[in-house]
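Structural characterization, general
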Amino acid sequence: MDNGIHIEGLTKRYGQGQTAVDALKGVDMAVAPGEVVGLIGPSGSGKSTLLKCLGAVIEPTAGRMSLGGAVIYEQGWKTSDLRALRRDKIGFVFQAPYLIPFLDVTDNVALLPMLAGRPNAEARRQARDLLDALDVGHRARAMPSQLSGGEQQRVAIARALINRPPVILADEPTAPLDSERALAVIRLLNQMAQQFETAVIVVTHDEKIIPTFKRIYHIRDGRTEEETGQGLYP
Ligand code: ADP
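Rules used throughout
- By convention here, each chain's residues receive numbers from 1 onward along its written sequence.
- It should be noted that, the model being predicted, local features are given only for residues of pLDDT at least 70 and side-chain atom pairs only at 80 or more, the latter also being counted only at that level, while totals for whole chains, interfaces and linings use all residues.
- Each side-chain value is derived from all of the structure's non-hydrogen atoms; neither hydrogens nor water enter the calculation.
- Only centres within 6.5 Å qualify two rings of Phe, Tyr or Trp (six-membered ring in Trp) as a pair; their planes then separate them into stacked at under 30 degrees, edge-to-face at over 60, and tilted for everything else.
- For every residue, the accessible area (1.4 Å probe, protein chains only) is compared with the maximum for its type, and the residue is labelled buried under 20%, exposed over 50%, or partly exposed between those bounds.
- Any Lys or Arg side-chain nitrogen found within 4 Å of a carboxyl oxygen on Asp or Glu counts as a salt bridge.
- In this description, strands pair whenever DSSP reports at least two bridges between them.
- Secondary structure elements are taken from DSSP: a helix is a run of H or I of four residues or more, a strand is a run of E of two residues or more, and numbering for both begins at the N terminus.
- With axes taken as lines fitted to C-alpha atoms, and helix axes fitted only over the stretch in contact, angles between N-to-C directions fall between 0 and 180 degrees.
- Residues are treated as being in contact if the distance between any of their heavy atoms lies within 4.5 Å.
- Among the buried residues, those of types Ala, Val, Leu, Ile, Met, Phe, Trp, Tyr and Cys that are joined through side-chain atoms within 4.5 Å form a nonpolar core.

With that settled, consider the packing of aromatic side chains. Pairs of aromatic rings are described using the distance from one ring centre to the other and the angle between the two planes. On inspection of all chains with the given rule, the structure shows three aromatic pairs. Judged by centre distance (5.5 Å) and plane angle (80°), the ring pair of tyrosine 73 and tryptophan 77 falls under edge-to-face. A relative accessible area of 2% means that tyrosine 73 is categorised as buried. Residues phenylalanine 94 and tyrosine 98 carry aromatic rings whose centres are separated by 5.7 Å and whose planes lie at 75° to one another, so their mutual orientation is edge-to-face. Using a relative accessible area of 56% as the deciding quantity, one classes tyrosine 98 as exposed. Aromatic ring contacts, followed pair by pair, group Phe92, Phe94 and Tyr98 into a single cluster.

Another point: the pattern of salt bridges. Should their charged atoms come close, side chains of opposite charge can pair. What the rule picks out here adds up to 12 salt bridges. Of the charged contacts, one joins arginine 13 and aspartate 22 as a salt bridge, the two residues approaching to 2.8 Å between their closest N and O atoms. Take arginine 13: its relative accessible area is 44%, and that puts it in the partly exposed class. Salt bridges sharing common partners tie together Glu8, Arg64 and Glu74.

Overall, mixed pairing links the six strands, which are arranged 6-7-8-3-9-10 in an open sheet. Lying at the two open borders of the sheet, with one neighbouring strand each, are strand 6 (90-93) and strand 10 (223-228). Each adjacent strand pair in this sheet contributes to an overall mean axis angle of 20°, direction not counted. Taken together, the five bridges between strand 7 (residues 167-171) and strand 8 (residues 199-203) define a ladder with parallel strand orientation. Each residue of the ladder has a partner; that of aspartate 171, found in strand 8, is valine 203. Across the face of the sheet, helix 5 (residues 149-161) comes into contact with strand 6 and strand 7 while running at roughly 165° to strand 6.

Bringing the nonpolar core into the picture now. Residues Leu131, Val155 and Val202 are the most contacted members of the largest nonpolar core, which totals 40 residues. Sorting the residues of this core by element identifies strand 3 (36-40), helix 3 (105-115), helix 4 (120-133), helix 5, strand 7, helix 6 (179-196) and strand 8 as the ones contributing at least two each. With eight residues, helix 6 is the single largest residue contributor to this core. Within the second largest apolar cluster, 28 residues are counted, among which are Leu10, Met65, Leu85 and Leu169.

Let us now look at the environment of glutamate 122. The topology assignment puts glutamate 122 in helix 4. Owing to a relative accessible area of 36%, glutamate 122 belongs among the partly exposed residues under this scheme. Note: C-alpha distance between glutamate 122 and alanine 110 (12 residues apart in sequence) is 8.9 Å.

In this section: the sheet that holds strand 1 (residues 5-14). As summarised here, the arrangement of the four strands in space is 2-1-4-5, forming an open sheet in which the pairing is antiparallel. The strands lining the two open edges of the sheet, one partner per strand, are strand 2 (21-31) and strand 5 (70-74). Put simply, the sheet's adjacent strands are angled 20° from each other on average, direction ignored. With eight bridges joining them, strand 1 and strand 2 adopt antiparallel strand pairing.

Printed below as a string of structure tokens:
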């Protein structure tokens, strides 16, 4: 088992008895450190359920999950501190950047480590390094409302990376962006994944970015199928 994401036979049943819904029916998935895979499926196929299980937001019914070299779920959570698990192992990127409007770009990125007790100056320095790497270093003192959509999403990626999590879960991260900006965001996610050896899952419907994935998992009716993608940046 490497430091990426490993999911074996994962099931999730909502409710009980006659009204039970089997949202995941035995999902297998593996994402290596440095790899960015697409997760695609129609509405109701189980994408959000899978992401919520991986993000330790809801508890699976059965199966096994490991993140960053440690088993996190097997017949129950392997830790009683799910907040620490989310904080240390997982970076989240959403469709909307959810930046805090009254903090500047640097402090939006530095907030998590500052709240965790790291010295402010050190957290800010680390945030600025990441912002530089994501090509938004020149906006470090701007307020979120002064940024374009693409810039805001890059700041959101910096925030997801600040604790150096082994895993990033991105839910429709490019939906509001035009083609050029969407591809730029995916290119940066790939670069960051390689640089920090992060395993990244991108849930998407976005036709613009689907050709960029080297591997795609299709989810249908609670089961996944793997497909080799094009791995192209048009
Ligand atoms: P997707 O994200 O692909 O649209 P979901 O994971 O949201 O799919 O849903 C998968 C299935 O699980 C659907 O049939 C949905 O109705 C059902 N479902 C999702 N959340 C719940 C819930 N909290 N309670 C009961 N059923 C749910």
